[in-house]
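As a plain string of letters, each chain reads:
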Amino acid sequence: MNIAIQPIGKIRTPYQEKFAIPRQPGLVQSAIGVIEFEKEFNDPNYLRGIEKFSHLWLLFHFHKTAEQGFKPLVRPPRLGGNQKQGVFASRSTFRPNAIGMSVVKFASVDCHNNQLCLRVSGIDLLDETPIVDIKPYVPYADNLIEAKSELAQTAPELMQVEFSNDAFNQLSKLESHYPSLKTLVKEVLAQDPRPAYHKTTEPDKIYGMSLYDLNIQWRVSKQVNIVLTVQKK
């Protein structure tokens with residue numbers, strides 16, 4: 001049996017590449033996403049009453065990894081990237097149907113130039129990710145206090161983040177165009193986006209990530225992320 005799924009829109013986010021995207025939703029609250037609806041769904045009636053819910057489920061398509069296929073076993077980052085786990089016992093992006101889901105915080109509904117937009121925060125999605133459905137988060141049913149997880153019981157410990165003088169000055173000039181940019185950079189790097197096998201990498205290694213059209217470079221020294229530069233590409 002074939003099942004056809006039509007995207008209802010796409011989400012615009014600061015994340016331009018997979019590297020440095022938080023591994024779960026809600027970890028970077030300053031990350032804002034704007035869902036732009038396709039023509040067939042560009043009608044405010046589809047969102048009537050959505051403001052009555054503080055949080056929403058987003059179902060989406062892993063469009064950048066879908067063509068790479070999948071395997072029954074994956075290597076979750078929380079297991080150090082070395083131990084294998086069944087794909088259905090993980091949140092790996094490499095899945096048979098490449099479907100993901102995230103809980104995000106509702107922000108607002110806007111309509112500019114006849115384009116319906118839904119603004120949400122705490123997102124962990126790549127820019128232009130296709131959205132296939134939106135559902136309200138219902139606390140009494142979705143927040144299961146008895147739920148347990150032996151492999152990911154708590155959120156990862158946060159790293160300290162500091163800014164060089166150059167990075168601080170560059171951020172000061174850019175924040176008028178990118179609201180809360182410093183907070184976004186700090187929250188993203190606090191999650192330690194390095195691959196698990198880089199945790200013991202030499203301290204002089206310089207990493208880079210893309211947020212919006214900016215390139216952010218940093219290095220790790222004594223378990224502190226030090227932002228070196230924030231520049232336009």
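Scroll up a little and you will see the structure.
Predicted, not measured: the structure shown is a model, and the values here were computed from it.

With respect to unusual backbone geometry
(1) Moving on: Residue Asn113 is not a glycine yet carries a positive backbone phi of 55°.
(2) Moving on: Summarising the element assignment, Asn113 is placed in the loop between strand S6 (99-112) and strand S7 (115-121).
(3) Moving on: For Asn113, a relative accessible area of 79% gives the class exposed.
(4) Moving on: A positive phi angle is found at Lys222, which is not glycine, with a value near 55°.
(5) Moving on: Within the secondary structure layout, Lys222 lies in the loop between strand S11 (214-221) and strand S12 (224-232).
(6) Moving on: We classify Lys222 as exposed; its relative accessible area is 81%.

Quick look at the sheet that holds strand S3 (residues 55-61)
(1) Moving on: As summarised here, the arrangement of the six strands in space is S1-S2-S7-S6-S3-S8, forming a closed barrel in which the pairing is antiparallel. The average angle at which neighbouring strand axes cross in this sheet is 50°, direction not considered.
(2) Moving on: Direction of pairing for strand S1 (residues 9-12) relative to strand S8 (residues 129-136): antiparallel, over a ladder of three bridges. The residue bridging Ile11 from the neighbouring strand is Thr129, located in S8.

A word on helix H2 (residues 165-174)
(1) Moving on: Those residues of H2 that sit buried are Ala167, Gln170, Leu171 and Leu174. Burial along H2 is one-sided: seen end-on, the buried residues are contained in an arc of 100°. For H2, the exposed residues lying more than 90 degrees away from the buried face are Asn165 and Lys173.
(2) Moving on: In this structure, the buried side of H2 is in contact with strand S9 (160-163), helix H3 (181-190), S11 and S12.

Some remarks on the pattern of salt bridges
(1) Moving on: Inspection of the entire model under this criterion finds six salt bridges.
(2) Moving on: Put simply, Glu128 and Arg12 hold a salt bridge, and the shortest N to O gap is 3.9 Å. Residue Glu128 is located in the loop between S7 and S8, and its partner Arg12 is located in strand S1; the two are separated by 116 residues in the primary sequence.
(3) Moving on: Here Asp133 makes a salt bridge to Lys135, at a shortest N to O gap of 3.3 Å.
(4) Moving on: For Lys135, a relative accessible area of 41% puts it in the partly exposed group.

Procedures and definitions
- Residues numbered from 1 in each chain as written.
- Predicted model: local features only at pLDDT ≥ 70, side-chain atom pairs only at ≥ 80, totals over all residues.
- Heavy atoms only, no water.
- Helix = DSSP H or I, 4+ residues; strand = E, 2+ residues; numbered from the N terminus.
- Buried < 20%, exposed > 50% of the residue type's maximum accessible area, 1.4 Å probe, protein only.
- Pairing = 2+ DSSP bridges.
- Axes fitted to C-alpha atoms, helices over the stretch in contact; angles between N-to-C directions.
- Arc of directions from axis to C-beta.
- Contact = heavy atoms within 4.5 Å.
- Salt bridge = Lys/Arg side-chain N within 4 Å of Asp/Glu carboxyl O.

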